[in-house]
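# Residue-level structural notes
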Amino acid sequence: MDLTLHQLEIFTRVARSGSFTQAARDLHLSQPVLSRTVRDIEQTLDTRLLDRTTRSVTLTADGRELLDIAENILAGYRTGMNTFAAYRAGERGTITLAALPSIAASLLPPIISGFLADRPDVRFVILDGTTREVLDHVQSGTADLALTDTAIVHPSLDTHALREDPVLAVLPTGHRLAARSRLAWADLADETFIALHPDSSVRHLTDLAFSQAGISPTTLVETRTVATAAGMIAARLGVSAMPELVLPLMSFADITVRPLISPPMIRKLAVHARRQRPAPVTAGFLDHLRTGS
């Protein structure tokens with residue numbers, strides 16, 4: 001008892017126009033083809049759908065019921081195909097991004113906003129975590145793209161440079177070092193240094209900077225979260241160093257920042273993607289991300 005979409009389209013045109021002649025003209029088909037198609041439908045369904053006279057065509061009760069069903073099917077088909085066309089054009093779909101918290105909070109919002117201005121039907125899911133965690137999300141297929149630093153480069157992923165993120169000294173407001181316009185890492189040697197957990201991309205940079213400067217912090221206080229570090233700095237329990245994009249996550253605290261040199265440390269940010277061809281909406285966002293960051 002299966003009917004094709006073509007058969008349903010012919011039936012609805014005849015039913016709505018009340019005329020085989022008009023329906024044939026609308027569909028650019030011959031009237032005999034329409035008449036034969038309607039007869040085939042009636043034979044398939046084993047019921048009469050139309051009452052025909054020389055002047056008009058009217059629906060039977062079964063015909064009215066089928067018309068409602070047919071129009072719902074055709075509308076659903078058109079909606080589905082329009083949705084698929086929008087997906088192919090990169091105008092619909094869901095993009096899952098795995099990102100470092102500082103990137104998710106500071107870099108991504110204006111980029112996503114700009115992307116959605118032209119594609120309001122796109123949906124985003126954000127997964128934040130450490131560098132290793134966000135790369136694992138992409139490798140496993142949980143996320144479409146990973147936005148992190150380049151401390152870890154996974155051999156199965158393509159990596160595209162985004163921007164550089166300079167590391168700055170973070171001090172309590174009023175700290176004696178805040179009187180200087182810029183600081184060297186050696187200036188922090190006698191301070192209690194508040195460091196992030198070894199899993200953090202920031203910790204890798206601060207350890208490397210101290211090593212290159214040939215010094216180590218007098219006392220090392222370690223925490224997992226930027227907010228905790230900010231609170232401890234504001235309470236004058238120590239100083240720290242953070243990439244510039246991390247600073248908005250510390251804005252609630254009474255802190256001061258200064259450029260750090262000798263050596264200058266830069267966190268290099270990148271977007272990582274699987275090598276297979278992405279969905280159109282993901283490919284479009286990747287292009288937007290690389291030009292808009």
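A few points on the structure. Owing to the predicted nature of the structure, the values given are computational and were not obtained by experimental measurement. (Residues numbered from 1 in each chain as written. Predicted model: local features only at pLDDT ≥ 70, side-chain atom pairs only at ≥ 80, totals over all residues. Heavy atoms only, no water.)

### Details of the overall build of the protein
On a plain count of helices and strands, the protein comes out with 9 helices and 12 strands. Over its C-alpha trace the protein gives a radius of gyration of 32 Å, far above what one expects of a compact globule, namely 19 Å for 293 residues. Projected onto its principal axes, the C-alpha coordinates of the protein cover approximately 105 × 35 × 30 Å. In the structure as shown, the protein presents an accessible area of about 15,000 Å², 50% of it carried by carbon and sulfur atoms. (Helix = DSSP H or I, 4+ residues; strand = E, 2+ residues; numbered from the N terminus. Rg over C-alpha atoms; globule rule 2.2 N^0.38 Å. Areas by Shrake-Rupley, 256 points an atom, 1.4 Å probe, with all protein chains shown as cover.)

### Digging into the packing of helix 1 (residues 5-17) against helix 3 (residues 31-45)
Angle between the axes and distance between the axes are the two parameters that describe a pair of packed helices. Closest axis-to-axis distance for the helix 1/helix 3 pair is 10 Å, and the angle between their directions is 110°. Judged by the angle between their axes, helix 1 and helix 3 are roughly perpendicular. In contact with Gln7, Ile10, Phe11 and Val14 of helix 1, helix 3 contributes Leu34, Thr37, Val38, Asp40 and Ile41. Classifying every residue of the contact of helix 1 with helix 3 gives 6 nonpolar, 2 polar and 1 charged. (Axes fitted to C-alpha atoms, helices over the stretch in contact; angles between N-to-C directions. Parallel < 35°, antiparallel > 145°, perpendicular 65-115°, else oblique. Contact = heavy atoms within 4.5 Å. Nonpolar A, V, L, I, M, F, W, Y, C, P; charged D, E, K, R; others polar.)

### Side note on the pattern of salt bridges
Should their charged atoms come close, side chains of opposite charge can pair. Counted according to the given criterion, the structure contains 12 salt bridges. Residue arginine 48 is joined to aspartate 51 by a salt bridge in which the shortest nitrogen-to-oxygen separation is 3.4 Å. In this structure aspartate 51 comes out as partly exposed when scored by relative accessible area, which is 35%. The salt bridge partner of arginine 176 is glutamate 191, with a shortest N-O separation of 2.5 Å. Here the residue arginine 176 occupies a position in the loop between strand 6 (157-172) and strand 7 (183-184), and glutamate 191 occupies one in the loop between strand 7 and strand 8 (192-196), the gap between them amounting to 15 residues. Under the relative-accessibility criterion, arginine 176 is labelled exposed at 54%. (Salt bridge = Lys/Arg side-chain N within 4 Å of Asp/Glu carboxyl O. Buried < 20%, exposed > 50% of the residue type's maximum accessible area, 1.4 Å probe, protein only.)

### Examining a negative patch on the surface
On the surface, a cluster of negative charge is made up of Asp128, Glu133, Asp136 and Asp199. Among the secondary structure elements, aspartate 136 is positioned in helix 6 (residues 131-140). Residue aspartate 136 is classed as partly exposed on the basis of its relative accessible area, which comes to 39%. (Patch = residues over 30% accessible without salt bridge, like charges linked within 9 Å, V, L, I, M, F, W, Y side chains within 5 Å. Lys, Arg positive; Asp, Glu negative; His and termini not counted. Charge placed at Lys NZ, Arg CZ, Asp CG, Glu CD.)

### Considering the side chain of histidine 175
By the secondary structure assignment, histidine 175 is in the loop between strand 6 and strand 7. Accessibility expressed as a relative area gives 11% for histidine 175, which makes it buried. Within the local environment of histidine 175, its side chain forms a polar contact with the backbone nitrogen of leucine 177, the two atoms lying 3.0 Å apart. (Polar contact = N/O pair within 3.5 Å; in protein donor to acceptor, adjacent residues only side chain to side chain.)

### With respect to the nonpolar core
Of all hydrophobic cores here, the largest spans 23 residues; its most connected members are Leu97, Leu108, Leu147 and Phe285. Taken together, the elements giving at least two residues each to this core come down to strand 3 (93-99), helix 5 (101-118), strand 4 (122-128), strand 5 (145-149), strand 12 (266-274) and helix 9 (280-292). For this core, the element with the highest residue contribution is helix 5, accounting for 6 residues. (Core = buried A, V, L, I, M, F, W, Y, C linked by side-chain atoms within 4.5 Å.)

### Here's the deal with helix 2 (residues 20-27)
Each full turn of the α-helix corresponds to 3.6 residues, which orients residues three or four apart in the same direction. Turning to helix 2, its buried residues number three or more, namely Phe20, Ala23, Ala24 and Leu27. Taken end-on, helix 2 shows its buried residues confined to a sector of 100°, consistent with a single buried face. Its buried side turned inward, helix 2 meets helix 1, helix 3, strand 1 (50-52) and strand 2 (57-59). Of the residues flanking the start of helix 2, the one acting as N-cap is serine 19, its side-chain oxygen 3.2 Å from the backbone nitrogen of threonine 21. Once helix 2 finishes, histidine 28 follows within two positions and takes phi at roughly 60°, a positive value. (Arc of directions from axis to C-beta.)

### Thoughts on the layout of surface pockets
Within this model, the largest pocket holds a volume of roughly 350 Å³. For the largest pocket, the lining is made up of 18 residues, of which Pro101, Thr130, Leu196, Ser200 and Arg224 are closest to its centre. Residue assignment for the lining of the largest pocket shows that the elements contributing at least two residues are helix 5 and helix 7 (201-213). The class makeup of the residues in the lining of the largest pocket is 7 nonpolar, 7 polar and 4 charged. (1 Å grid on protein atoms, 1.4 Å probe; cavity = no way out; pocket = protein on both sides within 12 Å on 5 of 7 lines; lining within 4 Å. Points joined across faces, edges and corners; volume = space filled by probe spheres on them.)

### Remarks on unusual backbone geometry
Residues serine 262 and proline 263 are joined by a peptide bond in cis, for which omega reads 0°. As for its placement among the helices and strands, proline 263 is situated in the loop between strand 11 (255-261) and strand 12. Non-glycine residue aspartate 46 carries a positive phi angle of around 55°. Among the secondary structure elements, aspartate 46 is positioned in the loop between helix 3 and strand 1. Using a relative accessible area of 69% as the deciding quantity, one classes aspartate 46 as exposed. Here serine 262, not a glycine, exhibits a phi torsion of approximately 55°, which is positive. Inspection of the secondary structure assignment puts serine 262 in the loop between strand 11 and strand 12.

### Thoughts on the pairing of strand 3
Most of strand 3 sits inside the fold, with 5 of its 7 residues counted as buried. Sheet analysis places strand 3 next to strand 4, joined by 7 bridges and oriented parallel. Residue glycine 93 lies in a different strand from strand 4, and its bridge partner there is valine 122. In this view, the connection linking strand 3 to its parallel neighbour strand 4 by way of helix 5 has right-handed handedness. In terms of strand pairing, strand 3 meets strand 5 through 3 bridges, oriented parallel. The partner of leucine 97 across the bridge, within strand 5, is leucine 145. (Pairing = 2+ DSSP bridges. Right-handed = clockwise from strand over helix to strand, strands pointing away.)

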